[in-house]
Amino acid sequence: VDQAIKLAHLFNGGLKMAMPRVRAFSGTARLFNFGVTKIAHKLRRGGDARFWTRGLLAITLGFLLSAEAQAKDTGYVFVSNEKTNNIAVLDPKLDYRIIQWIPTSHRPRDMKFGDDRRLLYVACGDDDVIDVIDVATLKVTDHIPTGPSPEMFELSRDEKALYVSNEEGSVVQEISIADKIIMREIATGAEPEGLAISADGKTLYVTSEVTDMVHVVDAEAGVVTDNIIVGTRPRRFLLLPSGKELWVSNELSGQVSVIDRAANRVSTTIDFLPPGFRQVDVTPVGMTMTRDGKTAIVALGRANHVAFVDTMTKEVEAYVLVGSRAWGVALSPDEKTLYVANGLSDDLSIVDMASRTAIRAVPVGRVPHSVLADD
Amino acid sequence: MIKGWLALAAAALAVRLVISPPAISAAAGSPQASAMKLGYVELADDPRYANRGAHSGIVFTDLGRPYQGSQVALEDAEAIGRVIGVDFSMEKSSAASVDELVQQISDWIAKDGVRFVVADLPAAALTDLARKLADRPVMLFNISAPEDVLRGADCASNVLHIYPSEAMLSDALMQYLVAKGWLQILALQGPAPEDAAMVAALQRSAKKFRAKIVGTRPFLLTNDPRNREQTNIVLMTGDVGYDVVYVADSSGEFGRYVPYETKLPRPVVGSAGLVPTAWSWSWDRDAAVQLQHRYEKISPPRRMNGADWAAWEAVKAVTQAVMRTRSTAFDAVKAFLLSDKLTLDTVKGNPGSFRAWDHQLRAPVLLSTADAVIERAPLPQYLHEINVLDTLGIDAPETACRF
């Protein structure tokens, strides 16, 4: 029996070790010795090759098959689950059945589509990697090592690099996707979190949870050029299509700060108070909006509601009751349905956009963090 | 392979060319930097830290001086200060007596314009210091004394209490016991005045939340067989029925032997077992992990405790007030601290603010075992007409404080 337990431990440890947790320097890097201590280098050349082969294969297939049947028009909904270490894939056409659980590295959180939605990137905080998922096969095909505890990230506009906020190191890392190299680390205030990137890709915005600021970063030079004081514990961004306004959710002051991008200052503050709740319950985090930019949707965290906001007037038009600690929000491609990930009730609320009511809740994994909908 | 080498070279180049400057530099056109110097005081021979933490060479408590907690927040203050044009800094004094501290703080007030002083002092010393500084333009932050009397009959208008009161800690525990239906409580009380204060707080909480104390039994630290009624845990916990055993043991020497030693198989709470606390290293929600890691980076070989959290929070409170008022003037900063505009990050969920009636910071309390936070108080089933945090501790109608 002892032997079996030992084996089991070994196996468990082995599972974790199998994740690319490697942060050691390669011999080559040591030769250069730049005095920069946190530059992790490419380590899995084999994985890299596979990545490229698959990428090329996908592109070739894309040319051959005009429809790319298996990856397109699925409308699949992806939900990352922090504590079950997987992504639930729901098919709205099959009554929101979970058609696949994608096992990921530990603690998957923020997700982004890449390569015209052929790839799904997911930041896995406890294994210090961003997993790469092939949307066609719904499998993790590669891992990109990051600094400790990645949560939120953005793709550069040319999709060659990832910007990853690193709460532990108080930096934003720029990571080359192809080479899996941390190209650069941009120092920020303590606990950087939310990231936004301007349409031209030249300006990066980062929230600092502890110093209550938004850092404005010149993406080319990699330097902070301005700091904007916002509400208490700023979390996430919403860049409006006009490009003039950048919204920031402030978790503790329970507001959204609207930043005038030309002046780099807060022009308006939006307050929330759903019926039956108090100001302290309002902890806005996730945000999304309709494609026309007219309606923004703000998840109010512990107030268990999402708010619909008219982006012109900044008036709250409606509050919709969802699950417990609503954070992640996403719209379906036809914008008829809103998906809300409820971190403390372990479910996904399905909200009908026309009637602005939650029509049902679908159980997912433990502590759902982010939600994305495929077209 | 060649691609890899090229990439490495490219990365090297990128790193060499672009050396990131400090993240936050003063924005162009920001006003002339003003100074905001804070003070930090402690007693060199504070009995709470004497011979604590190690018995027979084994360290078993996390009690230590909380100075490093303030330094974590000072780092953030400095970063914010660079943006708003304020130089935050801190002076520390470890003195032999309260009179020495009075002299030191008076010097700071005169020479450095210090107006806010973080105080890691026992209750009597804090009361003495506050009284002797009553006519000076300075505000003290209590970061380690839980005594209710400091927020009641002995309250001082120049003290803000960050550390939770005995009543808050006791109410937090009682909310949990009542929610569980563990209403019959047997109390074991040590010989120290602090133990008596804990039991008094327990009695108050039991009345407030309608639990029952079925008995209070004194214990002694001795091997004298004639005192076995007060040393033998089985005897102390026999001949009476109860749902839970409460231990009031400020010595830390007795309580840790109570769990699993009781006559009946019942949980132990209070100073041992499930402990109400301002902070636990195992708290992992509300951005707590990042804070602990930043603490551990600069701290002695010890994890963050309640007083560390309070020291951090005190400096954070001043920083918030300066940042939101854009002022370093004493009256403006003080007014903001005492206003309902303060939404202080407690890193425990609910935002904090100071109670007007006794200057106690509203903040959640953690109920923690040796390695897990079991619950966070206030529990959701306890409601309040204004702020649910006021279900913990002394509310406005019952305060004995008169500023």
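Keep in mind that this is a model prediction, so the values were computed, not measured.

### Some words on the state of the cysteines
Residues and elements named next belong to chain B.
So, point 1. Across all of its chains, the model carries one disulfide over all chains by this definition.
So, point 2. Each sulfur of the disulfide joining Cys155 and Cys401 lies 2.0 Å from the other. Residues Cys155 and Cys401 are joined through a disulfide that is right-handed, its torsion about the S-S bond being 85°. Separated by 246 residues along the polypeptide, Cys155 in the loop between strand E6 (139-142) and strand E7 (159-161) and Cys401 in the segment after strand E14 (373-377) bring together distant segments of the chain.
So, point 3. What makes Cys401 buried here is its relative accessible area of 4%.

### Some words on the sheet that holds strand E27 (residues 357-363) of chain A
All names here are of chain A.
So, point 1. Taken together, the four strands give an open sheet; going across it, the order is E24-E25-E26-E27, and neighbouring strands pair in antiparallel fashion. Only two strands of the sheet have a single neighbouring strand rather than two, namely strand E24 (326-331) and E27. Averaged over all neighbouring strand pairs, the angle between strand axes comes to 25°, with direction disregarded.
So, point 2. Note that strand E26 (residues 347-352) and E27 share six bridges and pair antiparallel. Considered in E27, the bridge of Ser349 is made with Ala361.

### Topic: the layout of surface pockets
Residues and elements named next belong to chain A.
So, point 1. Taken as a whole, the second largest pocket spans an internal volume of roughly 1600 Å³.
So, point 2. Lining the second largest pocket are 47 residues, and of these Lys112, Glu154, Leu238, Thr288 and Leu372 lie nearest its centre.
So, point 3. At the level of secondary structure, the elements contributing two or more residues to the lining of the second largest pocket comprise strand E4 (108-114), strand E8 (150-155), strand E12 (192-197), strand E16 (234-239), strand E20 (287-289), E24 and strand E28 (368-373).
So, point 4. Residues of the lining of the second largest pocket, tallied by class, amount to 24 nonpolar, eleven polar and twelve charged.

### Here's the deal with the pairing of E28(A)
All names here are of chain A.
So, point 1. Taken across its six residues, E28 has six buried, putting it largely inside the fold.
So, point 2. For strand E1 (residues 77-81) and E28, the ladder comprises four bridges, and the chain directions are antiparallel. Pairing of Asn81 across the sheet is with Pro368, part of E28.

### Looking at the nonpolar core
In globular proteins that are soluble, nonpolar side chains generally tend to be buried together.
Residue and element names in this part refer to chain B.
So, point 1. Phe116, Phe141, Trp309 and Leu337 are the most contacted members of the largest nonpolar core, which totals 54 residues.
So, point 2. Listing elements by their share of this core, those giving two or more residues are strand E1 (34-43), helix H2 (67-84), strand E4 (86-95), strand E5 (116-120), E6, helix H8 (288-298), helix H9 (306-325) and helix H10 (330-337).
So, point 3. Among residues more than four places away in sequence, those in contact with Phe141 are Phe116, Val117, Val118, Ala119, Leu160, Ile162, Ala314, Val318, Leu337 and Phe354.
So, point 4. Within the second largest apolar cluster, 26 residues are counted, among which are Ile185, Val199, Val269 and Ala377.

### Topic: the packing of aromatic side chains
So, point 1. Scanning the entire structure with this criterion turns up nine aromatic pairs over all chains.
So, point 2. Here B:Tyr176 and B:Trp182 contribute two aromatic rings whose centre-to-centre distance is 6.2 Å and whose plane-to-plane angle is 85°, an arrangement assigned as edge-to-face.
So, point 3. Put simply, the rings of B:Phe116, B:Phe141 and B:Phe330 pair up and form one aromatic cluster.
So, point 4. In this structure, A:Arg235 packs its charged tip against the face of A:Trp327, placed 4.8 Å from the ring centre.
So, point 5. Here A:Arg325 stacks its cationic end above the ring of A:Trp327, 3.7 Å away from the centre of that ring.

### A few points about the side chain of B:Arg302
Residue and element names in this part refer to chain B.
So, point 1. Along the chain, the position of Arg302 falls in the loop between H8 and H9.
So, point 2. Taking the relative accessible area as the measure of exposure, Arg302 reaches 15% and is therefore buried.
So, point 3. A distance of 2.9 Å separates the side chain of Arg302 from the backbone oxygen of Arg65, its partner in a polar contact.
So, point 4. Here the side chain of Arg302 touches Asp308 through a polar contact of 2.9 Å, side chain to side chain.

### Some remarks on the environment of A:Val132
So, point 1. Among the structural elements, A:Val132 can be located in strand E6 (residues 129-134).
So, point 2. Measuring from C-alpha to C-alpha, the distance between A:Val132 and A:Leu94 comes to 26 Å, with 38 residues separating the pair along the chain.

### With respect to unusual backbone geometry
So, point 1. The step from B:Ala377 to B:Pro378 runs through a cis peptide bond, and the omega angle for that step is 5°.
So, point 2. Mapped onto the elements of the fold, B:Pro378 is located in the segment after E14.
So, point 3. If you check the backbone angles, A:Ser170 has positive phi at about 55° while not being a glycine.
So, point 4. Among the structural elements, A:Ser170 can be located in the loop between strand E9 (161-166) and strand E10 (171-176).
So, point 5. For B:Val347, which is not glycine, the phi dihedral falls at a positive 60°.
So, point 6. Counting through the fold element by element, B:Val347 comes out in the loop between H10 and strand E13 (365-368).
So, point 7. By relative accessible area, which is 3% here, B:Val347 ends up buried.

### Notes on the confidence of the model for chain B
All names here are of chain B.
So, point 1. Mean pLDDT over chain B stands at 89; residues scoring 70 or higher make up 89%.
So, point 2. Long-range and interchain partners of residues 1-23, a stretch whose pLDDT sits below 50, account for 34 contacts in this model, where long-range means more than four residues apart.
So, point 3. Note that pLDDT drops below 50 for residues 25-31; the model gives that stretch nine contacts with residues more than four away or on any other chain.
So, point 4. Listed scores for the predicted complex are pTM 0.81 and ipTM 0.76.

### Focus: the pattern of salt bridges
So, point 1. For the structure shown, the criterion picks out 41 salt bridges over all chains.
So, point 2. Among the ionic contacts, a cluster of salt bridges with common partners joins A:Arg109, A:Glu151, A:Glu193, A:Glu209, A:Arg233, A:Arg235, A:Arg236, A:Glu251 and B:Asp345.

### Digging into H10(B)
Residues and elements named next belong to chain B.
So, point 1. For H10, the complete set of buried residues consists of Phe330, Val333, Phe336 and Leu337. Buried residues of H10 fall within an arc of 140° about the axis and therefore sit on the same side.
So, point 2. Turning to H10, the residues buried within the fold contact E5, E6, E7 and H9.

About the cut-offs
- Residues numbered from 1 in each chain as written.
- Chains lettered and ligands numbered in written order.
- Predicted model: local features only at pLDDT ≥ 70, side-chain atom pairs only at ≥ 80, totals over all residues.
- Heavy atoms only, no water.
- Disulfide = S-S within 2.5 Å.
- Helix = DSSP H or I, 4+ residues; strand = E, 2+ residues; numbered from the N terminus.
- Buried < 20%, exposed > 50% of the residue type's maximum accessible area, 1.4 Å probe, protein only.
- Pairing = 2+ DSSP bridges.
- Axes fitted to C-alpha atoms, helices over the stretch in contact; angles between N-to-C directions.
- 1 Å grid on protein atoms, 1.4 Å probe; cavity = no way out; pocket = protein on both sides within 12 Å on 5 of 7 lines; lining within 4 Å.
- Points joined across faces, edges and corners; volume = space filled by probe spheres on them.
- Nonpolar A, V, L, I, M, F, W, Y, C, P; charged D, E, K, R; others polar.
- Core = buried A, V, L, I, M, F, W, Y, C linked by side-chain atoms within 4.5 Å.
- Contact = heavy atoms within 4.5 Å.
- Phe/Tyr/Trp six-rings, centres within 6.5 Å; stacked < 30°, edge-to-face > 60°.
- Lys NZ or Arg CZ within 6 Å of the ring centre and 35° of its normal.
- Polar contact = N/O pair within 3.5 Å; in protein donor to acceptor, adjacent residues only side chain to side chain.
- pLDDT = per-residue confidence, 0-100.
- Salt bridge = Lys/Arg side-chain N within 4 Å of Asp/Glu carboxyl O.
- Arc of directions from axis to C-beta.

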